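# Structure assessment
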Amino acid sequence: MLEIINTEKAPAAIGPYCQGIKVNNMLYASGAIPINPATGEVVEGGVTEQAKQVMENVKAVLEAANSDLESVVKTTCFIVDMNDFAAFNAVYGEYFANHKPARSCVAVRELPKGVLCEVEVIAVTK
């Protein structure tokens, strides 16, 4: 059984996709970018500020699916500049301080809306 996950606490999809899909007890969340859900605008600042907004958006989708950061089994992280890896990792580490899911982190040429980072997750739901 498929359940579409949608919450106003995270930015609306900017294309033909949903924020996440729950299949049985698993959540497959779309990539979250640093858009403030209240304004619909990309947050100002560098990768640190953007990574914080990304992780808050990830948390909101997880909560909407009856899950949390401790239930994430895999993340895929995209950054535009590998020189930002340490700053991105510092923020990421604040959110995954105790629980460390499997992860891939890759540099990409560009991301939607010119953002600096994006994170997608797979998580177990309750």
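Figured I'd write up the structure that's included with this text.

## Regarding helix H1 (residues 47-64)
A rise of 1.5 Å per residue sets the reference length of H1, with its 18 residues, at 26 Å; its end C-alpha atoms lie 25 Å apart and thus fit the reference within 8%. What H1 keeps buried is the set Val47, Gln50, Ala51, Gln53, Val54, Met55, Asn57, Val58, Ala60, Val61 and Leu62. Buried-residue contacts for H1 involve strand E1 (2-5), strand E3 (26-29), strand E4 (72-79), helix H2 (85-95) and strand E6 (117-124). Looking one or two residues beyond H1, the residue adopting positive phi is Asn66, at roughly 60°.

## Topic: the pattern of salt bridges
Oppositely charged side chains are able to pair whenever their charged atoms sit close together. Summed over the entire model, instances satisfying the criterion amount to 3 salt bridges. In this structure, the salt-bridge partner of Glu110 is Arg109, at a minimum N-O distance of 3.8 Å. A single burial state applies to Glu110 and to Arg109, both of which are exposed.

## With respect to H2
All of the buried residues in H2 are Phe88, Val91, Tyr92 and Tyr95. For H2, the angular spread of the buried residues around the axis is 100°, confining them to a single face. Turned more than 90 degrees away from the buried face of H2, the exposed residues are Ala86 and Glu94. Check the buried side of H2 and you find it contacts H1, E4, strand E5 (102-107) and E6.

## Overview of the packing of aromatic side chains
Per the counting criterion, the structure on display carries 2 aromatic pairs. Where Tyr92 meets Phe96, the ring centres are 4.8 Å apart and the plane angle is 45°; that geometry is what we call tilted. Phe96 gets classed as buried once you look at its relative accessible area, which sits at 3%. Members of the aromatic cluster, each reached through a chain of ring pairs, are Phe88, Tyr92 and Phe96. The ring of Tyr92 carries the charged tip of Arg103 above its face, separated from the ring centre by 4.5 Å.

## A word on the environment of Asn98
Take Asn98: it is sitting in the loop between H2 and E5. C-alpha separation for the pair Asn98 and Glu70, spaced 28 residues apart in sequence, amounts to 8.3 Å.

## Quick word on the sheet that holds E4
Two strands in a sheet stick together by hydrogen bonds in their backbones, pointing the same way (parallel) or opposite ways (antiparallel). Strand order across the open sheet formed by 6 strands is E1-E2-E3-E6-E4-E5, with mixed pairing between neighbours. Two strands lie at the open edges of the sheet, namely E1 and E5, each paired on one side alone. Mean inter-strand twist for the sheet, computed between neighbouring axes without regard to direction, equals 15°. One ladder, built from 6 bridges, connects E4 with E5; its direction is parallel. Within E5, the position partnered with Cys77 by the bridge is Cys105. Where H1 meets the sheet, its contacts fall on E1, E3, E4 and E6, and the angle it forms with E6 comes to roughly 25°.

Cut-off values and rules
- Residues numbered from 1 in each chain as written.
- Predicted model: local features only at pLDDT ≥ 70, side-chain atom pairs only at ≥ 80, totals over all residues.
- Heavy atoms only, no water.
- Helix = DSSP H or I, 4+ residues; strand = E, 2+ residues; numbered from the N terminus.
- Expected span 1.5 Å × (residues − 1).
- Buried < 20%, exposed > 50% of the residue type's maximum accessible area, 1.4 Å probe, protein only.
- Contact = heavy atoms within 4.5 Å.
- Salt bridge = Lys/Arg side-chain N within 4 Å of Asp/Glu carboxyl O.
- Arc of directions from axis to C-beta.
- Phe/Tyr/Trp six-rings, centres within 6.5 Å; stacked < 30°, edge-to-face > 60°.
- Lys NZ or Arg CZ within 6 Å of the ring centre and 35° of its normal.
- Pairing = 2+ DSSP bridges.
- Axes fitted to C-alpha atoms, helices over the stretch in contact; angles between N-to-C directions.

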